[in-house]
Amino acid sequence: HIEWLEHPTDNDVRMLVELYNISYTSYLVPFTMDGVREMVESSRVMVVREAGQIVCVCVAEMVKIHVPGSLVPLCLVEISDAATHPDFRRRGMYKSVKLRMIQALRAENPSVVITTDARANSSSVIASNVHLGMRRAGYLPAHCVISSREEAIHQTAKYGNLAVYYVPFPKN
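Undergrad: Explain the environment of Thr116 here, please?
TA: Looking at where Thr116 falls in the secondary structure, it is placed in strand S6 (residues 113-119). Here Thr116 falls in the buried class, since its relative accessible area comes to 3%. Among all residues touching Thr116, those that are not within four sequence positions of it are Ile79, Lys98, Asn129, Met134, Ala163, Val164 and Tyr165. Engagement of the side chain of Thr116 in a polar contact is seen with the backbone oxygen of Ile79, the distance being 2.8 Å. Side-chain polar atoms of Thr116 contact the side chain of Lys98, separated by 3.4 Å.

Listed below in structure tokens is the structure:
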């Protein structure tokens, strides 16, 4: 089932470290107990559990910007650091958890600006973003050193391209 990971235990962090390490062949930083604990304690994290195991994760990194002259801070969220265990892929878990996260964030703050990015060679993640109604904002060329076993197109250079998406505001 899908749940917010609000008070992660050591076992939760260990499961996330294992999930990230099995999902990514390279990443910006190594996935360690300390690094993942810091990430989940400073972000909003939603997970899918099957038989007590975390099999899918999605992270919302948030920042509030106080704009001079504005009565309320601008809230920006980047949905990132998502992973699904290889044995549980192609079941729609990633798309379901990302949709639930978007809905929850918008329910909490209707004016939140939500973005995400996807490696340009990851067609399944890009397709999920489009299916969820996200709009492409552009590309960040040669921007990331992230790779996984789920690449539709093999990345030959050290740095890959990122496709950036945003969630449009509902029409009134």
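Undergrad: Help me understand helix H4 (residues 123-131) in this model?
TA: Since the α-helix advances by 3.6 residues per turn, residues separated by three or four positions end up pointing in the same direction. Those residues of H4 lying buried are Val125, Ile126, Ser128 and Asn129. The buried residues of H4 all sit within an arc of 160° when viewed along its axis, so they share a single face. Seen from the buried face of H4, the exposed residues on the opposite side, beyond 90 degrees, are Val130 and His131. Directly after H4, the chain includes Gly133, whose backbone phi takes a positive value near 90°.

Undergrad: Any chance you could explain helix H3 (residues 93-108) here in plain terms?
TA: In a regular helix each residue adds 1.5 Å, so 16 residues correspond to 22 Å; H3 covers 22 Å between its end C-alpha atoms and thus fits that length. Within the sequence span of H3, burial applies to Met93, Tyr94, Val97, Lys98, Met101, Ile102, Ala104, Leu105 and Arg106.

Undergrad: Would you explain the pattern of salt bridges in this entry?
TA: Pairing between side chains of opposite charge can happen when the charged atoms of each approach one another. Applying the stated criterion across every chain, the model contains six salt bridges. In this structure, Glu18 and Arg14 form a salt bridge, with 2.8 Å as the shortest nitrogen-oxygen distance. Here Glu18 and its partner Arg14 are both found in helix H1 (residues 10-23), four residues apart, which amounts to about one turn of the helix. Look at Glu18 and you get partly exposed, because its relative accessible area is 43%. Taking relative accessible area as the criterion, Arg14 reaches 31% and is therefore assigned partly exposed.

Undergrad: I would appreciate a short explanation of the packing of aromatic side chains in the present structure.
TA: Aromatic rings in a pair are described by how distant their centres are and how their planes are angled relative to each other. One pass over the structure, following the stated rule, counts three aromatic pairs. One aromatic cluster in this structure is built from Tyr20, Tyr24 and Phe31. It is Arg44 that lies over the ring of Trp4; its NZ or CZ is 4.0 Å from the centre.

Undergrad: Is there a simple way to explain the nonpolar core in this structure?
TA: One broad trend across soluble globular proteins is that nonpolar side chains are buried collectively. Judged by nonpolar contacts, the single largest core of 27 residues is most densely connected at Val48, Val77, Ile79, Val97, Met101 and Ile114. Of all elements in the fold, only strand S3 (44-50), strand S4 (53-65), strand S5 (74-84), H3, S6, H4 and strand S9 (160-166) reach the threshold of two or more residues within this core. Counting residues per element, this core draws most heavily on H3, at six residues. Counting 19 residues, the second largest nonpolar core, distinct from the first, contains Leu16, Tyr24, Val45 and Val47.

Undergrad: Looking at this structure, I do not really get the packing of H1 against helix H2 (residues 33-41). What am I missing?
TA: H2 packs onto H1 with a crossing angle of 110° between their chain directions and a minimal axis gap of 9 Å. Taken as axis vectors, H1 and H2 run roughly perpendicular relative to one another. Together, Asp10, Val13, Arg14, Leu16, Val17 and Tyr20 of H1 and Met33, Val36, Arg37, Met39 and Val40 of H2 make up the contact between the two elements. For the contact of H1 with H2, the residue count by class is eight nonpolar, no polar and three charged.

Undergrad: How should I be thinking about the packing of H3 against H4 in this particular structure?
TA: Each pair of packed helices can be summarised by the angle the axes make with each other and by the distance between the axes. Where H3 contacts H4, the axes come no closer than 10 Å and their chain directions differ by 40°. Here H3 lies oblique to H4, going by the angle between them. When the axes of H3 and H4 are compared, the crossing they make is right-handed. Contact with H3, carried on its side by Tyr94, Lys95 and Lys98, involves Val125, Ser128, Asn129 and His131 of H4 and no other residues of that element.

How each quantity is defined
Residues numbered from 1 in each chain as written. Predicted model: local features only at pLDDT ≥ 70, side-chain atom pairs only at ≥ 80, totals over all residues. Heavy atoms only, no water. Helix = DSSP H or I, 4+ residues; strand = E, 2+ residues; numbered from the N terminus. Buried < 20%, exposed > 50% of the residue type's maximum accessible area, 1.4 Å probe, protein only. Contact = heavy atoms within 4.5 Å. Polar contact = N/O pair within 3.5 Å; in protein donor to acceptor, adjacent residues only side chain to side chain. Arc of directions from axis to C-beta. Expected span 1.5 Å × (residues − 1). Salt bridge = Lys/Arg side-chain N within 4 Å of Asp/Glu carboxyl O. Phe/Tyr/Trp six-rings, centres within 6.5 Å; stacked < 30°, edge-to-face > 60°. Lys NZ or Arg CZ within 6 Å of the ring centre and 35° of its normal. Core = buried A, V, L, I, M, F, W, Y, C linked by side-chain atoms within 4.5 Å. Axes fitted to C-alpha atoms, helices over the stretch in contact; angles between N-to-C directions. Parallel < 35°, antiparallel > 145°, perpendicular 65-115°, else oblique. Nonpolar A, V, L, I, M, F, W, Y, C, P; charged D, E, K, R; others polar. Left-handed = near helix turned anticlockwise from the far one by under 90°.

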